[in-house]
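# Structural characterization, general
Spelled out from the first residue to the last, the chains are:
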Number of protein chains: 2
Amino acid sequence: MVSMLKKSKKNGFKKITIKEIAELAGVSRTTVSRVLSGSDFVNKNTRDRVLEIIEEKEYKPSIIAQSLRTNRTRTIGLVLADIENPFYSRVAKGVIDAAEAKNYNVILCNSNNDINLEERDIRTLTERGVDGFLLTTVELKMKTIENLRDKGFPFMLIDCKLDIPGVNYVVNDDYYGAELATEYLINLGHKKIFFLGNRKLLSLRERFRGFKDTLKRYEINNTGNFVPTKFIKTGGIYDIEGIIRYLLSRQENITAIFAGNDYLAVKSIEAINNNGLKVPEDISVIGYDNIKISSMIKVPLTTIRQPKYLLGKLAAEQLLEILENKSDRKARRVILRPELVIRQSCKKISNS
Amino acid sequence: MVSMLKKSKKNGFKKITIKEIAELAGVSRTTVSRVLSGSDFVNKNTRDRVLEIIEEKEYKPSIIAQSLRTNRTRTIGLVLADIENPFYSRVAKGVIDAAEAKNYNVILCNSNNDINLEERDIRTLTERGVDGFLLTTVELKMKTIENLRDKGFPFMLIDCKLDIPGVNYVVNDDYYGAELATEYLINLGHKKIFFLGNRKLLSLRERFRGFKDTLKRYEINNTGNFVPTKFIKTGGIYDIEGIIRYLLSRQENITAIFAGNDYLAVKSIEAINNNGLKVPEDISVIGYDNIKISSMIKVPLTTIRQPKYLLGKLAAEQLLEILENKSDRKARRVILRPELVIRQSCKKISNS
DNA sequence: TAATTTATTGGAATCGATAACAGAAAATTA
DNA sequence: TAATTTTCTGTTATCGATTCCAATAAATTA
């Protein structure tokens, strides 16, 4: 009778509360609380007795009640652009690992590359009371970000280099990565290179800048590198087949494609094959990201490797530091270096 | 002065509370609460006035406080065996979509195929106060599950057919899928078929059963289908290269491999190639799962397609139904049908 | 008109913790 | 021994909502 736990609404059994522990130990709730937090001065005998009962009853303090009182939930939000994209799921793993290491939990939202869902997710997360969140965004609204910043809500951007005051991020150096890729193609003799990507997306915008500047540096005049908007569907997803057909039909003798990410690269290769051409014999393709399948497809993809796990891990760690140290207003901007991974999807051009 | 929000510890600004809304509207907190819940009888004029102020102040009730009072968090937990495995990330998407549709949030844990982390995750989630959770498990401890069940904590298993009373699941019919795969190989003339998989994992155990039974049905005597334990590392991950070398060295003239999942299949093909043999010319390989890369690798993989998104979506929906309807003790067991996807990794045998 | 019912509202307790403050006992110092 | 400090503990208010119960006013019925 004494040891039997009483029923409650939630599930079969009622969780034991601090009050009951206090009664069993013959002390006040305050004392139990003090034992729990470990910080304050409690008599050793009292402490031991309380700890013993806590252990015996397997008492765990209610995180909900703690949250209400302390205004902290030990929860962070993570808004992923697309959980099915291996790039993001690797990032997510880094985030989760870093969070759990500090005893935080992660609430996951999937914005599905949709800017409206993204906004909704941010709203949901703040209302739910996460202590802060991480945003892997594709096409963010400046106003939303500024608003968050002005409210003082702790957050960090992942893989989105947004240089406005008071906004922190962890990114890969997309500009540098694009330089690497472009230089590699140029050194192989390519001049007619098409950049495949939606320049509305922030990371792709940087890559495009690196691409353009490198061409300029090598004094290569490369006009018309844009994806006609009719091929861009909502959420930044492309009609790759259409683009490739369009490219080939233009008779411009494109010799290489710089795809903004590996997903696009893989799809492009498929589409090129479907149009009777071969990679890399007819067209070279370089990707960006180095996702897992890149090395496994028919023609292993030459691409730019980004430290993805680290991206997530560092972002989470930075955020947690902010959370643990509220007054700290220092800028936290981390830029990671990508590397060129040479495989088989690019070929030297001799007749140039 | 009046409209200025005061500062609080958490972030720059204090959230407005029900008390303040009540004061502004000149009613009691009780009345505001009633307006919020929409259910009780409130005078229309009062209701409108309160709603107006709620809107004006953009008041959102504190989910934490609600949780404490109502003992429900509108949060479910999801324990993924491996978020980087595309199978699970697709499942996760189904879960998230279903949860958000009913205004629930998902706390994500990644057990990393580690049974100990899995137990830790379950503990974390229950302590955190999720209303229930979903478990994609690899190698669960029966005792843990029975314990959860006995405590009355709501949960469902995903892709793990555990037939003990009071435990619910949504699974693919692994037995049937294995029958499909095995029959297909047999019809191609294969008799020496090796089943590649760790039979400790529940789903693989079912697949192995289907495999064995089908062979028996066709009166094919197939001995020695096991992966020597020395190739099985912690967490059920394999030394595929080692296994393949071992297989080839045995001189048993294996003509086909039935890989327990596509991951293993893809790795096997790589390993087979590394050993100077070709798929499907020398050895046929069939996979299981139909993950995205299966169609993109050098030799597109013949495999068994499972409805992954649906798996997650249905599991979440079932769980939420349980949560919304506590007293309902009916069994919820959903079995989805897989299909054979014929691509190019299996070949007919003529000399048998 | 008096009695009863109905509609609408508020007071106060509660959920399970934390924390400011004060008070009592023990230890130290004068 | 008295005064002061230190150590330890409890009382009470609070976080922001919900809910039981009672109270009031208005409407209905007798």
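## Side note on the protein's contact with DNA strand D
Close contacts around DNA strand D come from 27 residues, with A:Thr46, B:Ile18, B:Ser33, B:Ser62 and B:Arg69 the closest. The contact atoms of DNA strand D, taken as those within 4 Å of the protein, divide so that sugar and phosphate hold 59%. With respect to DNA strand D, the backbone of A:Ser28 contributes an N or O atom lying 2.9 Å from a phosphate oxygen. At a separation of 3.0 Å, a base oxygen of DNA strand D approaches a polar side-chain atom of A:Thr30. Elements that contribute at least two residues to the surface near DNA strand D include exactly α2 (29-37) and α4 (63-70) of chain A together with α2 (29-37) and α4 (63-70) of chain B. At five residues, the largest contribution of residues to the surface near DNA strand D is made by α4(B). Partitioning the surface near DNA strand D into residue classes produces nine nonpolar, 12 polar and six charged.

## Some details on the pairing of strand β1 (residues 75-80) of chain A
All names here are of chain A. For β1, the buried fraction is high: six of the six residues fall into the buried class. Judged from the six bridges that link them, β1 and strand β2 (residues 105-110) form a sheet pairing that is parallel. Residue Val79 lies in a different strand from β2, and its bridge partner there is Cys109. With helix α5 (residues 86-101) bridging β1 and its parallel neighbour β2, the resulting β-α-β unit is right-handed. Summarising the sheet, β1 and strand β3 (residues 132-135) pair through four bridges and their orientation is parallel.

## Some remarks on the relation of the copies chain B and chain A
Note: a rotation about an axis with an accompanying shift along it relates these two copies of the chain. Superposing chain B onto chain A takes a rotation of 180° combined with a translation of 0.0 Å along the rotation axis, leaving an RMSD of 0.1 Å. In symmetry terms, the pair is related by a two-fold rotation axis. Of all interface residues in chain B, 100% are interface residues in chain A too; the two copies therefore contact each other through one and the same surface.

## A few points about α4(B)
Residues of α4(B) that are buried: B:Ile63, B:Ile64 and B:Ser67. For α4(B), the angular spread of buried residues about the axis comes to 105°, placing them on one side. Those residues of α4(B) that are buried lie in contact with α4 and α6 (115-128) of chain A. Two residues or fewer past α4(B), B:Asn71 is found with a positive phi of approximately 65°.

## Some points on the sheet that holds strand β10 (residues 333-336) of chain A
With mixed pairing, 12 strands are arranged side by side in an open sheet as β10(A)-β5(A)-β4(A)-β3(A)-β1(A)-β2(A)-β2(B)-β1(B)-β3(B)-β4(B)-β5(B)-β10(B). Strands with a single pairing partner mark the edges of an open sheet, and in this sheet they are β10 of chain A together with β10 (333-336) of chain B. Taken pair by pair, the neighbouring strands of this sheet meet at an average axis angle of 20°, ignoring direction. As paired strands, strand β5 (residues 169-172) of chain B and β10(B) are joined by four bridges and run parallel to one another. Paired with B:Val171 across the bridge in β10(B) is B:Ile335. Those strands touched by α5(A) are β1, β2, β3, β4 (155-158) and β5 (169-172) of chain A together with β2 (105-110) of chain B, and its axis lies near 175° from that of β1(A).

## A few points about the interface of chain B and chain A
The interface is formed by 54 residues belonging to chain B together with 55 residues belonging to chain A. Interface area, chain B with chain A, both sides summed: about 5,100 Å², of which 53% is carbon and sulfur. Counting every contact that joins chain B to chain A gives six salt bridges. A salt bridge links A:Arg90 to B:Glu84; the shortest N-O distance between them is 2.6 Å. On the surface where chain B and chain A come into contact, there are 18 residue pairs in polar contact (both at pLDDT 80 or more). When its residues are assigned to classes, the side of chain B that touches chain A shows 20 nonpolar, 14 polar and 20 charged. Note: β2(A) against β2(B), three bridges, orientation antiparallel.

Each value, and the rule that gives it
Counting restarts for each chain, with residues numbered from 1 along the sequence as it is written. All chains are assigned letters beginning at A, and all ligands numbers beginning at 1, according to the order in which they are written. Predicted model: local features are reported for residues with pLDDT of at least 70 only, side-chain atom pairs are reported and counted for 80 or more only, and whole-chain, interface and lining totals are derived from all residues. The side-chain figures draw on all heavy atoms in the structure; neither hydrogens nor water molecules are used. Throughout, near means a residue has at least one heavy atom within 4 Å of the molecule or strand. Counting of polar contacts relies on pairs of N or O atoms within 3.5 Å, with two restrictions inside protein: one atom must be capable of donating a hydrogen and the other of accepting it, and residues adjacent in sequence are counted only when both atoms are side-chain atoms. Secondary structure elements are taken from DSSP: a helix is a run of H or I of four residues or more, a strand is a run of E of two residues or more, and numbering for both begins at the N terminus. Note on residue categories: nonpolar means Ala, Val, Leu, Ile, Met, Phe, Trp, Tyr, Cys or Pro, charged means Asp, Glu, Lys or Arg, and polar means any other residue, Gly included. Per-residue accessibility, obtained with a 1.4 Å probe over protein chains only, is compared with the maximum for each type, and a residue is labelled buried under 20%, exposed over 50%, and partly exposed between these values. Strands were regarded as paired on the criterion that DSSP finds at least two bridges between them. If you view a crossover with the strands going away from you and the path from the first strand over the helix to the second runs clockwise, you call it right-handed. Residues reaching a pLDDT of at least 70 in both copies supply the C-alpha atoms on which the copies are superposed by least squares. The criterion used for residue contact is that any of the two residues' heavy atoms lie within 4.5 Å. In this description, the arc belongs to the directions extending from the helix axis to the C-beta atoms. Between the N-to-C directions of two axes lies an angle of 0 to 180 degrees, each axis being a line fitted to C-alpha atoms and, for a helix, fitted only over the stretch in contact. As a working definition, buried area equals the accessible area (1.4 Å probe) given up by two parts on being put together, with both sides summed. Each salt bridge in this description consists of a side-chain nitrogen of Lys or Arg and a carboxyl oxygen of Asp or Glu lying within 4 Å of one another.

Any functional reading would require information beyond the geometric quantities listed.
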